[in-house]
Amino acid sequence: MSITSDTSEGKELFWFNNTLVAIHVSSSKGNDGICMVEHQMPYGDSPPLHVHRREDEVFHILEGRMRFHIDGRERIAVAGDTVVAPKGLAHTFRVESGGGARCLTITRGSDFETLLRRMGRPADRPELPPQSAPTPEMIAALTRCCSANGIDIIGAPLV
């Protein structure tokens with residue numbers, strides 16, 4: 001399966017930090033507010049340790065190997081595995097496979113999707129953006145946007 005930019009099929013592409021995000025199902029499309037996004041991530045990608053206040057986060061690994069840290073425990077997940085980070089529990093992950101990883105992320109509610117839309121930028125092609133380290137200003141803006149969308153950043157990314 002490849003990521004396409006055909007919005008007529010319901011997919012919108014965003015570059016979010018150093019990743020490519022395709023929104024397959026928007027939380028606004030159904031009565032339950034289910035959101036499903038596909039993430040393509042480079043080797044070493046890791047979001048800061050964070051907590052979702054209002055929504056569980058479900059990860060289904062499509063390609064690659066990812067190391068998850070959830071509520072103080074670590075787990076390796078590979079293609080075909082599904083990992084749940086329940087709301088209220090601190091979690092993060094790190095892409096461990098040299099070729100990067102792809103996963104579906106499923107949430108109920110608009111918090112995560114809104115964060116992606118506000119902090120992402122439209123991708124002009126279906127590939128990873130040019131890689132760059134976040135600036136202090138970018139980190140501060142992400143922290144503020146996360147907080148406004150029910151997500152609290154509480155620690156550093158995994159190394």
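Residues numbered from 1 in each chain as written. Predicted model: local features only at pLDDT ≥ 70, side-chain atom pairs only at ≥ 80, totals over all residues. Heavy atoms only, no water.

The computed volume of the largest pocket comes to approximately 850 Å³. The wall of the largest pocket is formed by 39 residues, among which Phe-16, Asn-17, Pro-47, Pro-48 and Leu-142 lie closest to the centre. Of all elements in the fold, only β3 (34-41), β4 (50-52), β5 (57-63), β9 (91-95), α1 (111-119), α2 (136-148) and β12 (151-153) reach the threshold of two or more residues within the lining of the largest pocket. Residues that form the lining of the largest pocket fall into these classes: 22 nonpolar, 14 polar and three charged. (1 Å grid on protein atoms, 1.4 Å probe; cavity = no way out; pocket = protein on both sides within 12 Å on 5 of 7 lines; lining within 4 Å. Points joined across faces, edges and corners; volume = space filled by probe spheres on them. Helix = DSSP H or I, 4+ residues; strand = E, 2+ residues; numbered from the N terminus. Nonpolar A, V, L, I, M, F, W, Y, C, P; charged D, E, K, R; others polar.)

What follows covers α2. Here α2 is 13 residues long and its end C-alpha atoms lie 18 Å apart, about the 18 Å a rise of 1.5 Å per residue gives. Buried residues of α2: Leu-142, Cys-145 and Cys-146, and no others. Seen end-on, α2 carries its buried residues on one side only, within an arc spanning 100°. For α2, the exposed residues set more than 90 degrees away from the buried face come down to Pro-136, Glu-137, Arg-144 and Ala-148. The inward-facing, buried residues of α2 abut β1 (12-16), α1 and β12. Directly after α2, the chain includes Gly-150, whose backbone phi takes a positive value near 75°. (Expected span 1.5 Å × (residues − 1). Buried < 20%, exposed > 50% of the residue type's maximum accessible area, 1.4 Å probe, protein only. Arc of directions from axis to C-beta. Contact = heavy atoms within 4.5 Å.)

Moving on, we get to unusual backbone geometry. Most peptide bonds take the trans configuration, and most residues that are not glycine carry a negative phi. Of note, the phi angle at Asn-17 is positive, near 55°, even though the residue is not glycine. Counting through the fold element by element, Asn-17 comes out in the loop between β1 and β2 (19-25). For Asn-17, a relative accessible area of 35% translates into the label partly exposed.

Another point: the pattern of salt bridges. Side chains that carry opposite charge are capable of pairing whenever their charged atoms lie near each other. Throughout the structure, instances matching the rule amount to 11 salt bridges. Of the charged contacts in the structure, one is a salt bridge between Glu-63 and Arg-102, with a shortest N-O distance of 3.2 Å. With a gap of 39 residues between them, Glu-63 in strand β5 and Arg-102 in strand β10 (residues 101-108) connect regions that are remote in the sequence. (Salt bridge = Lys/Arg side-chain N within 4 Å of Asp/Glu carboxyl O.)

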